[in-house]
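Summary of structural features
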Amino acid sequence: MDKIEKVINSFEKVMLVFGILSGALVLFINVVIRNLGMSIVWAEEYAKFAIIWMTFAGCGAAVREKAHMNITALYDILGKTGKFILDIFINLVGLGFSAFMLWFGIRLTIKMVQTMQVSPTMMLPMWIVYISVPIGAALMIPRYAVILLHVFKSRGAKEEKAE
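Conventions adopted
- Residues numbered from 1 in each chain as written.
- Predicted model: local features only at pLDDT ≥ 70, side-chain atom pairs only at ≥ 80, totals over all residues.
- Heavy atoms only, no water.
- Helix = DSSP H or I, 4+ residues; strand = E, 2+ residues; numbered from the N terminus.
- Buried < 20%, exposed > 50% of the residue type's maximum accessible area, 1.4 Å probe, protein only.
- Contact = heavy atoms within 4.5 Å.
- Salt bridge = Lys/Arg side-chain N within 4 Å of Asp/Glu carboxyl O.
- Polar contact = N/O pair within 3.5 Å; in protein donor to acceptor, adjacent residues only side chain to side chain.
- Phe/Tyr/Trp six-rings, centres within 6.5 Å; stacked < 30°, edge-to-face > 60°.

1. Topic: the environment of Val113
Residue position: Val113 is located in helix H4 (residues 80-115). The spacing of Val113 and Ile128 is 15 residues in sequence and 9.1 Å in space, taken between C-alpha atoms.

2. Thoughts on the environment of Pro134
Counting through the fold element by element, Pro134 comes out in helix H6 (residues 132-162). Look at Pro134 and you get buried, because its relative accessible area is 7%. Setting aside residues no more than four positions away along its own chain, Pro134 makes contact with Met101, Leu102, Gly105, Ile106 and Thr109.

3. Remarks on the pattern of salt bridges
Inspection of the entire model under this criterion finds 5 salt bridges. The salt bridge partner of Glu12 is Arg143, with a shortest N-O separation of 3.0 Å. Of this pair, Glu12 sits in helix H1 (residues 2-34) while Arg143 sits in helix H6, and the two are 131 residues apart along the sequence. Just as Glu12 is buried, Arg143 falls in that class too. For the salt bridge of Arg64 with Glu65, the shortest nitrogen-to-oxygen distance reads 3.0 Å. Under the relative-accessibility criterion, Glu65 is labelled exposed at 52%. One connected set of salt bridges, linked through shared partners, spans Glu5, Glu12, Arg64, Glu65 and Arg143.

4. Points about the side chain of Ser22
Relative to the helices and strands, Ser22 is located in helix H1. Here Ser22 falls in the buried class, since its relative accessible area comes to 13%. Polar contacts involving the side chain of Ser22 include one to the side chain of Tyr46, which spans 2.6 Å.

5. Focus: the packing of aromatic side chains
Counted by the stated rule, this structure contains 4 aromatic pairs. Relative to Trp103, the ring of Phe100 has its centre 5.8 Å away and its plane inclined at 40 degrees; by these criteria the two rings are tilted. Highlighted residues: Phe100 and Trp103, both in helix H4, separated by 3 residues, approximately one helical turn. By relative accessible area, which is 45% here, Phe100 ends up partly exposed. Trp103 sits in the partly exposed class, given a relative accessible area of 45%. Seen in terms of ring centroids, Phe100 and Phe104 are 5.9 Å apart; in terms of plane orientation they differ by 15 degrees. Their pairing is stacked. With Phe100 and Phe104 both in helix H4 and 4 residues apart, this pair spans about one turn of that helix. Grouping aromatic residues by their ring pairs yields a cluster made of Phe100, Trp103 and Phe104.

Structural data, given as structure tokens:
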């Protein structure tokens, strides 16, 4: 399990670092040469696609780090059992949403392959952009599953200590 997690972590890091660096570099070069009266016509489109890929690649990392936005007002006033139930509910919803994104993203990607749509400037097959959705979802699913296991294990460990 640790090896799989390391591979997933590495993939996320590579995607995020590559997206940030390449997008920033392309836009920086475009700004510089624009002052010389030239322009990279595909720079903005590339930056948009890099941001899309970073967003979905980063979703798994955000689940791992518990960095998604949350409102803790209700959680803070609940007792141990209420927090346990809410943790299960929240992570099941996240898991369900990720599964829906995976299913929908695959369907959307297949549609892009079938219609052979390409981006207007780079002429990049659009399935390359759209496949970021199911990949991001596939990165989130195991993260939510691991969190759910930890929730159940921590509950079981607390009950054993109480006995």
